Every structure is written in structure tokens, then in C-alpha cells.
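Summary of structural features
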Amino acid sequence: MVAGEWVEVEGISVEVAVKAALEELGIEKDGAEVDILQEPQRGFLGIGRQDAIVRVKPQPRPKRARRGRGGRKRRPSGQKQPSGRRPGNQRPEAKQRQARKGQAGKKTESSRRPGGRPKTAGNKAAGREVQAVTGQDNTVDDLGKEQAAVVEEFLSGLLEEFGLEGKVESRHDGRTLCAEVLGEQTEALVGPKASVLQAVHELTKTVVQRKTARNCRLRLDIAGYGEKRRKALGIYAGQLADQVLDEGGEIMLEPMNSSDRKVVHDAIGAVDGVRSYSEGREPRRSVVVALK
Amino acid sequence: MSGEIVERVVNYVVSSIVDDQEAVEVTMVDRGEDEVVAEVRTAPGEMGRVIGRGGRVARAIRSVAQAAAEEEGLTAGVEFVD
């Protein structure tokens, strides 16, 4: 285990921030050490309010402490600490945050709008503020290679157990692992509405997390499904754009995951006179197409 | 043998997630003609990993097990026995 991994999260309350941090680390509360760096302050009419800032790290119990769930929360690589230093490096971060405090009220306000996710305050903070100290930066590349190898091995093994003929390709591209399962027979691993594909995605991420002790952002495609889906969605979005241009009003699509929504947003963005936005909470967040 | 693929797939996936692979046990139980249930046992304390936060991993295992069952024309369930 990487000793000293910790996250700092800001949220509207200590509870919210801690919860988001625990989620980010993938640990339970009783396995965590929580430092409250800043107590939240109410302020008055939104003036002078401060978010809570907490630092959470797993207690050194190697077997139990599970780190990082991948996926929803991003950990921009640019925010990574350059070295394995911990406390020394943290302070300046905290100070930066203090300096930005003025925006905090507004930010939180907006994250509580309907349409935001229930834990948005925490999640948002986690996405932007999380500092994960891993060791040296030059291990990122090695880690990517190692994770790509784990993905390839796991998926190849899975094909074998299924008795399906196919090929697995994986590579890492900065912070994202891309894996592709090729072969006609592998369609069995897509399933209705890609439910099996999603399950395989979840399992692959879990295995990577277990084997390399780090989570990953994984893009997985099986039997060309993603490609087909993107094409179909793009065409569908184009039709909806036409419809809105003809008839006016707004059209709300069925709930989709974030990558599908992005395809729709991109397609709508390419058409003059219409715009798109998302509404609702994950996992039932939908794109709405409207006139500009 | 019915449910063979399910058994292998479930065993493989669970073993990939736990530390103690030797302790993983998958027992197939027939439930009627076309239905099988895979009972999963792991070393004490490792079941949490297999189930995952909010049951996400367990759900994924069930979904993959079902896909495996379809290869054999079956329906499969997975039970995690703690």
C-alpha cells in the first residue's frame, strides 16, 4: 500500500466533505483518520460563508484499507503533487484554497441547484481539490503500463473462461486506460443495452484497483459496440436537432451515462440554432435539446 | 454439465478480486430445469470486496454470470454466502 495517501475535500459541511473523501478513497469511516482543516461557517446571506475542508487518510491497516474507487471522480493529473512529500506540501494547497474562499459560497450554491447530484458539493470538491500523493511522478507511466497489462490479462482470461474467441488490446493514454475486446463472438459480453459491457467494465476496474492498489479511468469497448453506439447516438441527436428547429420547444432524452451524454452534446453543438444541456440527477440524468 | 461456464466465470472473476484465491469456493445448485445458482464463498473478511460498495461489484458479477448462463441456454443467479 502507498502509505500516506490522503485526500482533501471541501464541502458544505464536515459530514458531506468526509463522506466524499471516504468515497474517493474507497474506505469506511472507521478505517480513516480525519483532520478538520477548516470548520464551515454560515456567514450571512451568503457573505462570509466558508466551506468545511477536511483531510482524510486511511489508517495504516494495509489489509483493510482500500483505496480509490475509480470512475466518477476525476483526479486531474495536473493537480498531483510532484513528489512523495506529504504534510510539507499540503499547507500551500490549503492556503490556496483559503484564498479562493470568496467563491466558495457561490460555488456551493450552484452545486445545490436541482439537477446537481446529491453529493455534488463533496464530489465537485473531490474532483477538483483532491490531492493524491502517490510517490514520484515518473511512476505514472509505469503504473499505466502495469494497469494496461492487468486489464489485458483479466479480459483475456474472461474470454477464455467464457469459451469465446476474441482478442484483447489495451493501452494507456495519460490517465486513461483504453481497452478493446475484439471478435464477433465477444458480442455476448455486450448484452442487452450494454448491461454486460457495463458489468465487465465495473469488474475490470475493480480488478485493476485490487491488483495495482490504484484506481483508473477505463474506457472499454467490446465487439465495436461503443463505436456503433456513438454513431447511432450522433444520428439520433441530429434528428432531434432538426425536430426542435422545426417545431420549437424542448426535447428531453431518456437518461444516459455521461459518455453518451457527451456524444449528444457534441452532436447538438455542431448544429446551428440549437443547444443542449443536462438535467436531473445521476444516474438518471438526461440531455435536453432546446432552441438557442 | 449444466452451469459449467457460469461456474468457471464466477470463480475466475471472484478469484481476480480477492487476496486469498485458494479460499474461493463456487458451488452450483440446480434450481429447476434451466436455472442454476452459483453460491460463492470466500475467506472470512473478503466478501465485502466481492460485494463492493452498495453491491456494485456483486451486481456486476450477477450480470456477467447471466451472460455466461446464456451461452448454455440457462438462467443463473449468484448468491454470496458469508
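What you see is a predicted model, and the numbers here were worked out from it, not measured in a lab. (Residues numbered from 1 in each chain as written. Chains lettered and ligands numbered in written order. Predicted model: local features only at pLDDT ≥ 70, side-chain atom pairs only at ≥ 80, totals over all residues. Heavy atoms only, no water.)

Side note on the overall build of chain A
Tallying secondary structure elements over chain A gives eight helices and nine strands in all. The buried share among the 292 residues of chain A stands at 46%. Sequence separation of at least 24 residues holds for 68% of the intrachain contacts in chain A that already meet a minimum separation of 6. Total accessible area computed for chain A in this model is approximately 15,200 Å², and 49% of it derives from carbon and sulfur atoms. (Helix = DSSP H or I, 4+ residues; strand = E, 2+ residues; numbered from the N terminus. Buried < 20%, exposed > 50% of the residue type's maximum accessible area, 1.4 Å probe, protein only. Contact = heavy atoms within 4.5 Å. Areas by Shrake-Rupley, 256 points an atom, 1.4 Å probe, with all protein chains shown as cover.)

Some points on the sheet that holds strand β3 (residues 75–80) of chain B
Residues and elements named next belong to chain B. If you walk across this open sheet you meet the three strands as β1-β2-β3, and the pairing is mixed. Each edge of the open sheet is held by one strand with a lone partner, namely β1 (25–30) and β3. In this sheet, adjacent strand axes meet at a mean angle of 25 degrees when their direction is disregarded. Direction of pairing for β1 relative to strand β2 (residues 35–41): antiparallel, over a ladder of six bridges. Across the sheet, Thr27 pairs through a bridge with Glu39, a residue of β2. (Pairing = 2+ DSSP bridges. Axes fitted to C-alpha atoms, helices over the stretch in contact; angles between N-to-C directions.)

Considerations on the confidence of the model for chain B
Note that predicted coordinates carrying low pLDDT should not be read in detail. Residue and element names in this part refer to chain B. For chain B, per-residue confidence averages 94 on the pLDDT scale, and 99% of positions sit at 70 or higher. For chain B, helix α2 (residues 47–51) is the element with the lowest average pLDDT, namely 95, and helix α1 (residues 4–17) is the one with the highest, namely 97. On the interface metric, ipTM, the complex scores 0.96, and its pTM is 0.60. (pLDDT = per-residue confidence, 0-100.)

Examining the interface of chain A and chain B
In this assembly, 25 residues from chain A lie in contact with 22 residues from chain B. A combined buried area of about 2,200 Å² lies between chain A and chain B, and 56% of that area is made up of carbon and sulfur atoms. Considering only the side of chain A, the residues that lose the most area to chain B are A:Glu161, A:Phe162 and A:Arg210, jointly responsible for 29% of the buried surface there. Here chain A and chain B share three salt bridges between them. The shortest N-O distance in the salt bridge between B:Arg56 and A:Glu202 comes to 3.0 Å. Mapped onto the side of chain A that touches chain B, the elements with two or more residues apiece are α5 (139–162) and α6 (195–212) of chain A. (Buried area = accessible area lost by both parts, 1.4 Å probe. Salt bridge = Lys/Arg side-chain N within 4 Å of Asp/Glu carboxyl O.)

Focus on the pairing of strand β8 (residues 274–279) of chain A
When β8(A) meets strand β9 (residues 286–291) of chain A, the two strands line up antiparallel, connected through six bridges. Each residue of the ladder has a partner; that of A:Arg275, found in β9(A), is A:Ala290.

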